Amino acid sequence: MATNQLDEVAEKLIPTSLGLINVREGGRADGPAMVCWPSLMMDGTMWRYQYEHFAPTHRMVLIDSPGHGKSDALRKIIDLKDCADVLVEILDALAIDRCVLVGNSWGGMLAGVFPAYHPERTAAAIGINCTASLPTMFESVWAGALATYLSLHARMPRLAARAARAAFAGPTAEATNPEFLKFTDFVLRDDPKSVAWALRSILIGRKDEHRRLATIENIPVLIIAGEEDSQFPVHVVRKMADAIAGSTFRVLPHTGHLAARENPDGVNAEIDAFLATLSATV
């Protein structure tokens, strides 16, 4: 069995405006900082394969987002501005001036708006499987029903794993990637009440951010879509990229919603190519 390098990574709890946030830190201590924010229902460990790939060249910071993993429980509505503020607090605590911000889904939405709120803290931003659009009626109904159901439980019900698999895995993963399908059971470790608040906040309660993204200037941004992403289809992700002047847009074939974990080789190759076009500082 392959060794999981995250087993040896240092962890710390950082006080923020949304409670204690758990971070894992490792990699090259004197390298440029790469900060990874996960998808809803995941924690920082979903970035295992990005950590292993980029740790030789970058100082790696993997965040357990509010209400997930070892971070404090979430018990109120939050928005992307709150998340951006928390990220600044984390950067301050770690003495990081600027970072390459990488995010999948929830993290990808944050990677989109963070350069608009805090350009001085952003060396580059990479958003994967993300959107800047309002939720669809179907999303609102589906996620609203799931949030209500989860809020009634003290432990994550099995239904959540089935919902996560349906949301995260595309046809290719269903047919060819049993390891990834098993990985989606990770959500059974979550606090269901925290996930319910996050669903209401980030998925159902999200705003149209295209006008905010249009204010980003001189920040390199890469947006990656999964060809088989049923949550945020390619045209929705492309619209987000189109709102950011000078951004780079890529589509990963045969890849679903949790691209960074399902198809790490493809994601890492796109990030490598993107960073290679920038200065040596990122």
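Structure first, text after, so check above.
Throughout what follows, the structure given in this document is the object of discussion. Given the structure is predicted, the values throughout are model-derived calculations rather than measurements.

Position of R121 among the secondary structure elements: in the loop between α3 (106-117) and β6 (122-128). Discounting chain neighbours no more than four positions away, the residues touching R121 are V88, L91, D92, I96, D97, R98, C99 and F114.

Counted under the stated rule, the structure contains three aromatic pairs. Taken together, a centroid distance of 6.0 Å and an interplanar angle of 65 degrees make the contact between W37 and W106 edge-to-face. You can see W37 sitting in strand β3 (residues 33-37) and its partner W106 sitting in helix α3, a full 69 residues away along the chain. Across the pair, exposure class does not vary: W37 and W106 are buried alike. Joined through ring pairs, the aromatic side chains of F180, F183 and F186 make up one cluster.

Within the fold, R98 resides in the loop between α2 (80-93) and β5 (99-104). Classification of R98 by relative accessible area gives partly exposed; the value is 44%. A C-alpha to C-alpha distance of 13 Å links R98 and H58, two positions 40 residues apart in sequence. Sequence-distant contacts of R98, that is, excluding residues within four places in its chain, are made with A33, E120, R121, T122 and A123.

What follows is about the sheet that holds strand β4 (residues 59-63). If you trace the eight strands from one edge of the open sheet to the other, you get β1-β2-β4-β3-β5-β6-β7-β8, paired in mixed fashion. Each edge of the open sheet carries a strand with a single partner, namely β1 (10-16) and β8 (248-252). The sheet shows a mean angle of 20 degrees between the axes of neighbouring strands, direction not considered. Pairing of β3 with β5, which is carried by five bridges, proceeds in the parallel orientation. Each residue of the ladder has a partner; that of C36, found in β5, is V102. Relative to the sheet, α2 contacts β1, β2 (19-27), β3, β4 and β5, its axis offset from that of β1 by approximately 125 degrees.

Empty pockets left among the atoms are what a rolling probe the size of a water molecule brings to light. Approximately 190 Å³ is the volume attributed to the largest pocket. Lining the largest pocket are N4, L6, D7, V9, E11, R24, T45, R48, F183, F186, R189 and R261. Along the lines of polarity and charge, the residues of the lining of the largest pocket split into four nonpolar, two polar and six charged.

As a further point, take the packing of α2 against α3. Interaxial distance between α2 and α3 falls to 9 Å at its minimum, and their mutual angle equals 75 degrees. When the axes of α2 and α3 are compared, the pair comes out roughly perpendicular. Mapping the contact onto sequence places L80, K81, C83, A84, L87, V88 and L91 in α2 and W106, M109, L110, V113, F114 and Y117 in α3. Here the contact of α2 with α3 is composed, by residue class, of twelve nonpolar, no polar and one charged.

As enumerated under the stated definition, the model contains 17 salt bridges in all. Residue R28 is joined to D30 by a salt bridge in which the shortest nitrogen-to-oxygen separation is 2.7 Å. Among the residues examined, R28 registers a relative accessible area of 40% and is labelled partly exposed. A relative accessible area of 61% places D30 in the exposed class. Its salt-bridge partner being D92, residue R121 comes within 3.0 Å of it at the nearest N-O pair.

Within a regular beta strand, the side chains point alternately toward one face of the sheet and then the other, so they alternate between its two faces. Summarising burial for β5: six of the six residues are buried, a large majority. Residues of β5 alternate between two faces, with C99, L101 and G103 on one and V100, V102 and N104 on the opposite face, all of them buried. Here β5 runs beside β6; their pairing, made up of six bridges, is parallel. Bridged to L101 within β6 is A125.

So, how was this worked out
- Residues numbered from 1 in each chain as written.
- Predicted model: local features only at pLDDT ≥ 70, side-chain atom pairs only at ≥ 80, totals over all residues.
- Heavy atoms only, no water.
- Helix = DSSP H or I, 4+ residues; strand = E, 2+ residues; numbered from the N terminus.
- Contact = heavy atoms within 4.5 Å.
- Phe/Tyr/Trp six-rings, centres within 6.5 Å; stacked < 30°, edge-to-face > 60°.
- Buried < 20%, exposed > 50% of the residue type's maximum accessible area, 1.4 Å probe, protein only.
- Pairing = 2+ DSSP bridges.
- Axes fitted to C-alpha atoms, helices over the stretch in contact; angles between N-to-C directions.
- 1 Å grid on protein atoms, 1.4 Å probe; cavity = no way out; pocket = protein on both sides within 12 Å on 5 of 7 lines; lining within 4 Å.
- Points joined across faces, edges and corners; volume = space filled by probe spheres on them.
- Nonpolar A, V, L, I, M, F, W, Y, C, P; charged D, E, K, R; others polar.
- Parallel < 35°, antiparallel > 145°, perpendicular 65-115°, else oblique.
- Salt bridge = Lys/Arg side-chain N within 4 Å of Asp/Glu carboxyl O.

Functional significance is not addressed by these values, which are geometric in nature.
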